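This is what each chain is made of:
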Amino acid sequence: MTDAAEPLAPWGDLVADAIARVAAASDATELRRLDVELLGRGSALVAARAALASLSAPERREAGRALNQARADVEEALAVRRRELEAQERAARLEAERMDLTEVRPTRRRGHLHLVTQARDRLEDVFVGMGYQVAEGPEAETDWYNFEALNFPAGHPARNMYDTLYLELGPPESTLLRTHTSPVQIRVMEATTPPIYAVMPGRCYRQDTADASHLPNFHQIEGLVVDRRISFADLAGTLDAFTEAYFGTGIRSRLRPSYFPFTEPSAEFDITCVFCRGDGCRSCGRTGWLELGGCGMVHPNVFRAVGYDPDVWTGFAFGFGIDRMIAQRHGIDDLRELVTNDVRFLRQF
Ligand code: PHE
């Protein structure tokens with residue numbers, strides 16, 4: 001080393017010391033302070049660079065190179081430590097924010113009523129609010145209640161609309177699992193005298209293979225009104241009032257001509273599609289309407305079957321599937337979800 005290089009002499013130690021301090025820096029703040037101290041305006045390296053001016057050209061080149069190397073080494077050490085600290089900080093933050101999704105919290109989860117029961121209760125509430133009473137009947141019925149009294153004589157072709165499950169009890173085809181809730185109309189009329197304003201919810205059975213839109217065991221709710229001077233307008237108005245009360249404002253009902261042996265005239269009962277609100281979509285087959293059930297004016301033969309005088313009494317009846325209505329209301333695309341009892345499905349309601 002020459003005299004002129006004297007101010008640059010202790011480089012080796014200075015750089016080693018600087019690198020050691022940088023490596024020991026414990027956080028970003030300390031590192032920033034070291035950066036200023038070691039490379040900033042007041043640093044030994046900057047002072048040494050100023051001193052280069054007093055050297056001869058070859059010495060200056062030599063010392064300048066050493067100085068550049070020293071500066072590069074310190075910068076490198078700072079960069080390495082900065083990356084290390086950032087990685088540590090990130091790891092600490094992730095650890096702090098981490099959620100243990102495997103954790104089992106011993107909360108006491110309360111059970112709740114099944115979706116079908118909830119819907120049935122709500123439907124009953126709406127009708128009770130309109131002054132109706134709630135009645136029930138047996139699921140195992142006789143041919144008389146399920147068909148005969150409802151104006152389906154033996155061999156009547158309309159019996160084919162119902163894929164009946166018969167029970168091995170009594171004479172062949174004399175007992176069955178009810179195919180609809182309409183037999184409860186007969187039981188209510190037999191047990192009471194008009195006026196009657198009643199709804200009758202319950203389980204029904206048909207010989208159907210379960211698929212996305214059919215269940216062999218499903219639920220219906222039946223309505224029956226018997227009073228003096230009841231007209232078709234009362235039926236239409238009642239269904240419309242019910243529709244708004246249950247589905248909300250903007251959902252209306254409409255009737256289409258249909259056929260049932262126990263009502264005359266008979267109609268099919270549709271409601272505004274709850275998904276598109278009438279504009280037409282996939283769920284309603286672009287019609288803007290969803291089919292809900294059947295209805296009509298009580299047939300005189302039904303009154304005769306229960307001993308009511310059809311010249312005195314008039315009435316209407318309606319019936320619709322609760323399960324399908326639930327599917328429509330909640331956008332469930334497979335009715336079987338209602339009976340497979342998967343708690344992940346059931347807990348959503
Ligand atoms: N019981 C009929 C069915 O299940 C529906 C209905 C009820 C029709 C009451 C008219 C009156 O198909």
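Look up a bit, the structure's there.
About the criteria used
Residues numbered from 1 in each chain as written. Predicted model: local features only at pLDDT ≥ 70, side-chain atom pairs only at ≥ 80, totals over all residues. Heavy atoms only, no water. Phe/Tyr/Trp six-rings, centres within 6.5 Å; stacked < 30°, edge-to-face > 60°. Lys NZ or Arg CZ within 6 Å of the ring centre and 35° of its normal. Near = heavy atom within 4 Å. Polar contact = N/O pair within 3.5 Å; in protein donor to acceptor, adjacent residues only side chain to side chain. Areas by Shrake-Rupley, 256 points an atom, 1.4 Å probe, with all protein chains shown as cover. Helix = DSSP H or I, 4+ residues; strand = E, 2+ residues; numbered from the N terminus. Nonpolar A, V, L, I, M, F, W, Y, C, P; charged D, E, K, R; others polar. Axes fitted to C-alpha atoms, helices over the stretch in contact; angles between N-to-C directions. Parallel < 35°, antiparallel > 145°, perpendicular 65-115°, else oblique. Contact = heavy atoms within 4.5 Å.

What characterises a pair of aromatic rings is the spacing of the ring centres plus the angle enclosed by the ring planes. By the definition in use, this model includes 17 aromatic pairs. A network of ring pairs unites the aromatic residues Phe127, Tyr132, Tyr197, Phe242, Tyr246, Phe247, Phe269, Phe316, Phe318 and Phe320 as a single cluster. Just above the ring of Tyr246 sits the side chain of Arg122; from NZ or CZ to the centre is 4.6 Å. Over the face of the ring belonging to Tyr145 we find Arg187, whose NZ or CZ atom lies 3.8 Å from the ring centre.

Another aspect to go through is the site of the ligand. Taken together, 15 residues sit near the ligand, with Tyr162, His180, Ser182, Arg206 and Gln220 positioned nearest. The separation between a nitrogen atom of the ligand and a polar side-chain atom of His180 is 2.9 Å. A distance of 3.2 Å separates an oxygen atom of the ligand from a polar atom in the side chain of Arg206. Considering the ligand on its own, with 320 Å² of exposed area, one finds that the protein chains cover 93% of that surface. Those elements that provide at least two residues to the shell around the ligand are strand S6 (217–227), strand S9 (289–298) and strand S10 (314–321). Examining the composition of the shell around the ligand, we find that 3 residues originate from one element, S10, more than from any other. Counted by class, the shell around the ligand contains 6 nonpolar, 7 polar and 2 charged residues.

Interaxial distance between helix H2 (residues 28–39) and helix H4 (residues 57–97) falls to 11 Å at its minimum, and their mutual angle equals 175°. Judged on the interaxial angle alone, H4 and H2 are roughly antiparallel. Counting all contacts with H2, which are made through Ala28, Leu31, Asp35, Leu38 and Leu39, the residues of H4 involved are Arg71, Val74, Glu75, Leu78, Arg81, Arg82 and Leu85. Residue composition of the contact of H2 with H4, grouped by class: 7 nonpolar, no polar and 5 charged.

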